[in-house]
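Letter by letter, the chains look like this.
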Amino acid sequence: MNVDRILPTDEAHDLLDLATELADRELAGRAAEFEQRAEFPREVLRTLGRAGLLGLPYAEEHGGAAQPYEVYLQVLEILASRWLAVAEAVSVHTLSCYPVAQFGTVAQRKLLPDMIGGELLGAYCLSEPQGGSDAAALTTKAVRDGDDYVVSGTKAWITHARVADFYNIFCRTGGPGARGISCLLADRNTPGIAPQAAERTMGLHASPVAQIAFDEARVPADRLIGGEGMGFTIAMSALDSGRLGIAACAVGLAQAALDYAVGYARERQQFGRSIIDFQGLGFGLADAATQISAARALVLAAARLRDAGRPYSIEAAKAKLFATDVAMRVTTDAVQVLGGAGYVADHPVERYMREAKVLQIVEGTNQIQRLVISRALAKG
Ligand SMILES: Cc1cc2nc3c(=O)[nH]c(=O)nc-3n(C[C@H](O)[C@H](O)[C@H](O)COP(=O)(O)OP(=O)(O)OC[C@H]3O[C@@H](n4cnc5c(N)ncnc54)[C@H](O)[C@@H]3O)c2cc1C
């Protein structure tokens with residue numbers, strides 16, 4: 001469906017046109033095959049990088065496009081409607097550039113043009129086998145030794161673990177709790193950093209996740225981002241932005257599922273008429289369309305707060321919670337609309353449904369989003 005959008009500039013219209021053209025040409029036709037082969041589409045990401053779509057929200061002096069977040073998120077939505085794994089990769093990469101872009105030294109920021117341009121792909125290493133939701137309890141350790149930090153521990157569920165060129169490592173340099181955490185930027189080829197075998201996931205096969213083992217990996221001390229003890233603040237600040245990316249991906253995925261279901265329901269005949277003409281089915285599609293519009297509006301409202309320099313983390317949590325729950329519901333209902341055909345891989349809706357699930361889990365589960373929102377309500 002063509003979404004009627006109010007965009008801030010003509011440049012934003014051009015960017016969305018470019019994103020649509022690239023999504024149709026580079027993503028749509030490849031998704032099913034790459035997902036089946038579980039092959040990461042590194043070249044597709046390079047193409048997006050060369051087109052300037054990997055650095056949209058970052059400053060021009062760092063190789064970005066200085067676009068408002070609301071524009072970046074709508075580009076992400078379009079990419080997700082053609083292939084979620086690529087949109088999620090763009091979102092995670094953008095998140096991985098955030099610590100250096102926002103908190104890095106002048107010297108560290110010299111790395112940004114290659115990062116933002118997509119020559120170097122990033123990973124964001126926060127979760128651990130024993131600690132996902134309770135990130136402040138992380139145990140990966142970094143001990144200062146001369147000009148280096150020596151990092152030991154294990155990270156879990158890391159997107160791009162096996163294909164990234166740089167890692168943001170959130171690690172403990174001090175005592176227990178959030179204040180003992182720091183953020184290091186490590187190169188892929190650092191001895192002692194060993195990505196493990198890819199996990200066998202329910203969906204997003206083209207964007208594998210894996211554990212990373214750190215065995216006395218030496219990371220130069222000048223790769224400490226933002227000072228010792230700043231890591232948790234950096235991680236949470238990055239996640240506020242990242243959650244909006246995941247929410248935008250959810251809107252795109254839900255829209256793709258709805259569009260497919262509507263197309264099928266208009267064509268499919270039962271009892272001598274198109275199944276969309278049965279009120280029991282058509283009303284469900286109407287609800288889905290309404291929920292997607294509401295999710296998009298929530299995502300853009302939070303993004304506009306961010307663009308205006310206003311606090312937005314609670315609104316980002318609401319947007320992530322609502323949009324990803326909508327994506328789960330709409331993709332599940334889309335399978336139902338197709339009947340038996342919805343259950344087989346000849347149609348993309350069963351894949352959409354498997355992919356939607358992960359959006360309710362990553363970058364803070366939806367229970368954690370509820371925790372963020374309810375704590376704010378309790379505080380008043
Ligand atoms: C495909 C995929 C990609 C990922 N990519 C990354 C990545 O790139 N980088 C990264 O750092 N991590 C990544 N993750 C990890 C992800 O962020 C975590 O899985 C998530 O934060 C949940 O942590 P957990 O799996 O340890 O679950 P747990 O924290 O063990 O939670 C288990 C259950 O308990 C619930 N729960 C926990 N605490 C509370 C509470 N206080 N109140 C109510 N319910 C609660 C949770 O909501 C969940 O339902 C990825 C995960 C997946 C599956």
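All of these numbers come straight from a predicted model, not from anything done at the bench.

*Asks:* Looking at this model, I keep getting lost on empty space enclosed by the protein. Mind explaining?
*Replies:* The method is simple in principle: a probe with the dimensions of a water molecule rolls over the atoms, and the space it marks as empty is what remains. Enumeration over the complete set of coordinates arrives at two cavities of 30 Å³ or more. Put simply, the largest cavity is a space of about 70 Å³. Around the largest cavity, the lining residues are Pro57, Tyr58, Tyr69, Tyr72, Ser91, Thr94, Leu95, Tyr98, Ala238, Ser241, Gly242 and Arg306. Among the secondary structure elements, those contributing two or more residues to the lining of the largest cavity are helix H4 (69-82), helix H5 (84-103) and helix H8 (231-267). The element best represented in the lining of the largest cavity is H5, accounting for four residues. Here the lining of the largest cavity is built from residues that sort into seven nonpolar, four polar and one charged.

*Asks:* Explain the packing of H4 against H8 here, please?
*Replies:* Angle between the axes and distance between the axes are the two parameters that describe a pair of packed helices. Between H4 and H8, the least distance of the axes is 7 Å, while the angle of their chain directions is 40 degrees. Taken together, the axes of H4 and H8 lie oblique to each other. Considering only the axes of H4 and H8, their crossing is right-handed. Residues Tyr69, Leu73, Leu76, Glu77, Ala80 and Ser81 of H4 form the contact with H8, whose participating residues are Ser241, Gly242, Leu244, Gly245, Ala248, Cys249, Val251, Gly252, Leu253 and Ala256. Residue classes in the contact of H4 with H8 are distributed as ten nonpolar, five polar and one charged.

*Asks:* It is not clear to me how the UniProt feature "domain: Acyl-CoA oxidase/dehydrogenase middle" (unreviewed entry) in the chain should be interpreted in this structure. Could you clarify?
*Replies:* Under the feature "domain: Acyl-CoA oxidase/dehydrogenase middle" (unreviewed entry), the UniProt entry names residues 123-216. Across residues 123-216, the secondary structure splits into 0% helix and 51% strand, with the terminal C-alpha atoms separated by 19 Å.

*Asks:* Would you mind showing me how to read the layout of surface pockets here?
*Replies:* Computed from the structure, the largest pocket encloses a volume of approximately 1,400 Å³. Around the largest pocket, the lining is made up of 46 residues, and of these Ser127, Ile361, Val362, Glu363 and Gly364 lie nearest the centre. Here the element with the most residues in the lining of the largest pocket is helix H12 (residues 366-379); it accounts for six residues. Of the residues belonging to the lining of the largest pocket, the class tally is 22 nonpolar, eleven polar and 13 charged. As for the second largest pocket, its lining consists of 22 residues, of which Met1, Asn2, Thr20, Ile78 and Arg82 are closest to the centre.

*Asks:* Could you clarify how one ought to interpret the domain arrangement of the chain in this entry?
*Replies:* Interfaces are frequently sized by the accessible area removed from exposure as the parts join. Taken domain by domain, the chain consists of domain 1 (10-117), domain 2 (122-232) and domain 3 (236-378). Tallying the contact residues gives 21 residues for domain 1 and 25 residues for domain 3. Together domain 1 and domain 3 conceal approximately 1,900 Å² of surface at their shared face, both sides included; 66% is due to carbon and sulfur atoms. The three residues of domain 1 that bury the most area against domain 3 are Tyr69, Glu77 and Leu84, which together make up 31% of that side's buried surface. With a shortest N-O distance of 2.8 Å, Arg296 and Glu77 are connected by a salt bridge. Our count for the contact surface shared by domain 1 and domain 3 stands at six residue pairs in polar contact (both at pLDDT 80 or more). Listing elements by their share of the side of domain 1 that touches domain 3, those giving two or more residues are helix H2 (31-37), H4 and H5. Counted by class, the side of domain 1 that touches domain 3 contains 14 nonpolar, three polar and four charged residues.

*Asks:* Before we go on, may I ask you to explain the environment of Ala256 in this structure?
*Replies:* Mapping Ala256 onto the fold places it in helix H8. For the pair Ala256 and Val349, spaced 93 residues apart in sequence, the C-alpha separation works out to 8.7 Å. Contacts of Ala256, omitting those with residues within four sequence positions, involve Ser81 and Tyr352.

*Asks:* Where do I start with the environment of Lys318 in this structure?
*Replies:* Within the secondary structure, Lys318 sits in helix H10 (residues 313-337). Sequence separation of Lys318 and Arg266 is 52 residues, and the distance between their C-alpha atoms is 33 Å.

*Asks:* Would you take a moment to explain the site of the ligand for this structure?
*Replies:* The full set close to the ligand counts 17 residues, and Tyr124, Ser127, Ser133, Trp157 and Thr365 are the nearest of them. Thr159 places a side-chain nitrogen or oxygen 2.8 Å from a nitrogen atom of the ligand. One of the side-chain nitrogen or oxygen atoms of Thr365 is found 2.6 Å away from an oxygen atom of the ligand. Of all the cavities here, the one that holds the ligand is the largest pocket. Mapped by element, the contributors of at least two residues to the shell around the ligand are strand S3 (148-159) and H12. By residue class, the composition of the shell around the ligand is ten nonpolar, six polar and one charged. The residues that make up the shell around the ligand include at least three from each of domain 2 (122-232) and domain 3 (236-378).

*Asks:* Can you help me understand the packing of aromatic side chains in this one?
*Replies:* Each pair of aromatic rings is reported with the distance of its centres and the angle of its planes. According to the stated counting rule, one finds five aromatic pairs in the structure shown. Taken together, a centroid distance of 6.3 Å and an interplanar angle of 65 degrees make the contact between Tyr98 and Phe103 edge-to-face. Judged by relative accessible area, which is 8%, Tyr98 ranks as buried. By relative accessible area, Phe103 is classed as partly exposed at 23%. Measuring from ring centre to ring centre gives 6.1 Å for Phe271 and Phe278, while their planes differ by 90 degrees; the resulting arrangement is edge-to-face. By relative accessible area, Phe278 is classed as partly exposed at 25%. Directly above the ring of Phe34 sits Arg37, whose terminal nitrogen or CZ lies 5.0 Å from the centroid. Sitting above the plane of the Tyr69 ring, Arg306 keeps its charged end 3.8 Å from the centroid.

Conventions and cut-offs
- Residues numbered from 1 in each chain as written.
- Predicted model: local features only at pLDDT ≥ 70, side-chain atom pairs only at ≥ 80, totals over all residues.
- Heavy atoms only, no water.
- 1 Å grid on protein atoms, 1.4 Å probe; cavity = no way out; pocket = protein on both sides within 12 Å on 5 of 7 lines; lining within 4 Å.
- Points joined across faces, edges and corners; volume = space filled by probe spheres on them.
- Helix = DSSP H or I, 4+ residues; strand = E, 2+ residues; numbered from the N terminus.
- Nonpolar A, V, L, I, M, F, W, Y, C, P; charged D, E, K, R; others polar.
- Axes fitted to C-alpha atoms, helices over the stretch in contact; angles between N-to-C directions.
- Parallel < 35°, antiparallel > 145°, perpendicular 65-115°, else oblique.
- Left-handed = near helix turned anticlockwise from the far one by under 90°.
- Contact = heavy atoms within 4.5 Å.
- UniProt positions renumbered as here; feature names shortened; annotations may be inferred.
- Domains from an automatic or database assignment.
- Buried area = accessible area lost by both parts, 1.4 Å probe.
- Salt bridge = Lys/Arg side-chain N within 4 Å of Asp/Glu carboxyl O.
- Polar contact = N/O pair within 3.5 Å; in protein donor to acceptor, adjacent residues only side chain to side chain.
- Near = heavy atom within 4 Å.
- Sits in = over half its atoms within 2 Å of the grid points.
- Phe/Tyr/Trp six-rings, centres within 6.5 Å; stacked < 30°, edge-to-face > 60°.
- Buried < 20%, exposed > 50% of the residue type's maximum accessible area, 1.4 Å probe, protein only.
- Lys NZ or Arg CZ within 6 Å of the ring centre and 35° of its normal.

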